[in-house]
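These are the residues of each chain, in order.
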Amino acid sequence: QVQLVESGGGLVQAGGSLRLSCAASGGIFSINVMGWYRQAPGKQRELVAAITSGGNTNYADSVKGRSTISRDNAKNTVNLQMNSLVPEDTAVYYCNLQQWRWAATKVHNDYWGQGTQVTVSS
C-alpha cells in the first residue's frame, strides 16, 4: 500500500517562505509523477506543482516564479519551496503520487497524503 506523509505546513506571514516535504513509501514504481495540490475552504482542489521522475516540472500560474518543486527519486521524496507567500496561498496542501501499471490494460493509480495546513496571514 502506497503511503504519502507530508510535513512542513504552518502559519507564516505574507512575504514569508515555507518548505513542504512529502515522503512516499510502499509500491512506488520507477516512472511516476509526484506533486502538490491544495484546497482552500469552499474551493476545489487544484494543482500547485508537479514533477515527473524524469525531472520535468509543471507549475500553476499563481505560483510560477516563486515556487520550486524538487524530488529525490532514490528516497521517493518531493519538496515544494514556496517564497513570497500571499494570503491566497492559504489552503490544505496535499502530496500526490500518480503512476501507471499494467494489468489487463494500463491502469492509472492516484494516491494522496493526509494534507498539511498552510496559513498565510496578511
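Bear in mind the structure is a predicted one, so any value in this text is a computation, not a measurement.

A. Spotlight on the layout of surface pockets. By volume, the largest pocket is sized at about 190 Å³. For the largest pocket, the lining is made up of 14 residues, of which Arg38, Ala40, Lys43, Glu46 and Glu88 are closest to its centre. Tallied by class, the residues present in the lining of the largest pocket amount to four nonpolar, four polar and six charged.

B. Structural context of the pattern of salt bridges. On inspection of all chains with the given rule, the structure shows four salt bridges. Across the pair Glu46 and Arg38 runs a salt bridge whose closest N-O atoms are separated by 2.9 Å. Take Glu46: its relative accessible area is 38%, and that puts it in the partly exposed class. One network of salt bridges, with partners in common, ties together Arg38, Glu46, Arg66 and Asp89.

C. The arrangement of the sheet that holds strand β3 (residues 18-25) in detail. Ordered in space as β1-β3-β8-β7, the four strands form an open sheet in which the pairing is antiparallel. Single-partner strands in this sheet number two, and they are β1 (3-7) and β7 (67-72). The sheet shows a mean angle of 15° between the axes of neighbouring strands, direction not considered. Sheet topology places β3 next to strand β8 (residues 77-82); six bridges connect them, and they run antiparallel. Looking across to β8, one finds that Ser21 is bridged to Asn79.

D. The arrangement of the pairing of β8 in detail. Counting buried positions along β8 gives five out of six residues, so the element sits mostly inside the fold. The pairing of β7 with β8 spans six bridges and is classified as antiparallel. What sits directly across from Ser67, in β8, is Met82.

E. Structural view of the state of the cysteines. Applying the stated rule across the entire model yields one disulfide. Across the disulfide, Cys22 is cross-linked to Cys95 (sulfur-sulfur distance 2.0 Å). Handedness of the Cys22-Cys95 disulfide follows from its S-S torsion of about -85°: it is left-handed. A residue pair is termed long-range when its members are at least 10 positions apart, and Cys22 in strand β3 and Cys95 in strand β9 (residues 91-102) qualify at 73 residues. Each member of the pair, Cys22 together with Cys95, is buried.

Cut-offs applied
- Residues numbered from 1 in each chain as written.
- Predicted model: local features only at pLDDT ≥ 70, side-chain atom pairs only at ≥ 80, totals over all residues.
- Heavy atoms only, no water.
- 1 Å grid on protein atoms, 1.4 Å probe; cavity = no way out; pocket = protein on both sides within 12 Å on 5 of 7 lines; lining within 4 Å.
- Points joined across faces, edges and corners; volume = space filled by probe spheres on them.
- Nonpolar A, V, L, I, M, F, W, Y, C, P; charged D, E, K, R; others polar.
- Salt bridge = Lys/Arg side-chain N within 4 Å of Asp/Glu carboxyl O.
- Buried < 20%, exposed > 50% of the residue type's maximum accessible area, 1.4 Å probe, protein only.
- Pairing = 2+ DSSP bridges.
- Helix = DSSP H or I, 4+ residues; strand = E, 2+ residues; numbered from the N terminus.
- Axes fitted to C-alpha atoms, helices over the stretch in contact; angles between N-to-C directions.
- Disulfide = S-S within 2.5 Å.

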